[in-house]
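Inside the fold
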Amino acid sequence: MSSAHVTPGSVPGPKLAAHFASLEVQKHAARLGMWLFLATEILLFAGLFACYAAYRFLFPEAWAASSRSLDLTMGTINTVVLITSSFTAAMAVHYAKEGKNKMVGHMNVLTLLMAVGFLVIKFFEYKHKFHIGTLPGRYYFYEGIQLPGAPMYFTVYFASTALHALHVVIGMTVLAFATVRAYRVGDFNANNYTQVELGSMYWHLVDLVWIFLFPMLYLV
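Here's a quick rundown of the structure. (Residues numbered from 1 in each chain as written. Predicted model: local features only at pLDDT ≥ 70, side-chain atom pairs only at ≥ 80, totals over all residues. Heavy atoms only, no water.)

**Overview of the overall build of the protein**
What the protein contains, in helices and strands, is 6 helices and 0 strands. Taken from N to C terminus, the helices and strands of the protein fall in the order α-α-α-α-α-α. The 220 residues of the protein split such that 45% are buried. By sequence separation, contacts in the protein at least 24 residues apart represent 76% of the contacts at least 6 residues apart. (Helix = DSSP H or I, 4+ residues; strand = E, 2+ residues; numbered from the N terminus. Buried < 20%, exposed > 50% of the residue type's maximum accessible area, 1.4 Å probe, protein only. Contact = heavy atoms within 4.5 Å.)

**Things to note about the pattern of salt bridges**
Considering all chains together, one arrives at 4 salt bridges under this definition. Residues Lys100 and Glu98 are paired through a salt bridge, measuring 3.2 Å at the closest nitrogen-oxygen approach. Measuring nitrogen to oxygen at the nearest pair gives 2.9 Å for the salt bridge that ties Arg181 to Asp187. Within the structure, one salt-bridge network assembled from shared partners comprises Lys122, Glu125 and Lys129. (Salt bridge = Lys/Arg side-chain N within 4 Å of Asp/Glu carboxyl O.)

**Things to note about the packing of aromatic side chains**
Using the criterion set out here, one finds 16 aromatic pairs in the structure. Both rings, one in Phe37 and one in Tyr202, keep their centres 6.1 Å apart while their planes meet at 20°; by these two values the pair is stacked. Residue Phe37 is located in helix 1 (residues 23-58), and its partner Tyr202 is located in helix 6 (residues 194-218); the two are separated by 165 residues in the primary sequence. Judged by its relative accessible area of 38%, Phe37 falls in the partly exposed class. Residue class for Tyr202 comes out buried when judged on its relative accessible area of 4%. Aromatic pair Tyr55 and Phe59: ring centres 6.5 Å apart, planes at 5°, arrangement stacked. Taken together, Tyr52, Trp63, Tyr126, Phe130, Tyr140, Tyr153, Phe154, Tyr157 and Phe158 form an aromatic cluster joined through their ring pairs. (Phe/Tyr/Trp six-rings, centres within 6.5 Å; stacked < 30°, edge-to-face > 60°.)

**As for the nonpolar core**
One recurring pattern in soluble globular proteins: nonpolar side chains tend to sit buried together. Tyr157, Trp203 and Leu217 are the most contacted members of the largest nonpolar core, which has 43 residues in total. Broken down by secondary-structure element, the contributors of at least two residues to this core are helix 1, helix 2 (60-68), helix 3 (72-97), helix 4 (101-132), helix 5 (150-184) and helix 6. Residues in contact with Leu217, not counting those within four places in the same chain, are Tyr52, Ser67, Leu70, Tyr153, Tyr157, Ser160 and Thr161. If you look at the next biggest cluster of nonpolar residues, it comprises 11 residues, including Met91, Ala92, Val104 and Phe188. (Core = buried A, V, L, I, M, F, W, Y, C linked by side-chain atoms within 4.5 Å.)

**Here's the deal with helix 5**
For helix 5, with 35 residues, the first-to-last C-alpha span of 51 Å sits near the 51 Å given by 1.5 Å per residue. Trailing helix 5 by a residue or two, Gly186 shows a phi angle of about 65°, which is positive. (Expected span 1.5 Å × (residues − 1).)

Set out below in structure tokens:
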């Protein structure tokens, strides 16, 4: 991309790849590629949602009892944290368009801190479940809920939340690259903000998936 040393008053922009006719076409292709990628990610989680629906239909009592064993307070805090992080990610795009690179970095740092907070809360949730035995499949040994289907509930729980946590880590990596660039290179502006925009789009997916997972798992 652009050089790290920008002449005062100049408006740096992205370089045009040889296989694109114009910068506008290049930006459009990047956005289209991200939308297609996000669609495949949604299909991935849709498979888990389908499993959830099928097993909840088969074991409604176990599903309800298992859901009540989750820590609703931690789940609610994590929901608020992720929704707020989506706001800061969107603000990073806003500041990138205005060429305020330090603010881009600051907003992304806030997003990353909230992402770390989300993972820390999830770690303590997992730790508690390992302690009491609400584990997936044949590893389930919790005496408090001995209903057919309870081990399957926690199989779906761990599969969906662990996969989501992996996406959180991936999103943090993407945002971290944009943050470093905002601070060190400082070339985001109205003509060059695609990297921040694509990172924000991915982060909104992470938030959106959790908005579905929270009521499905915690509010049955």
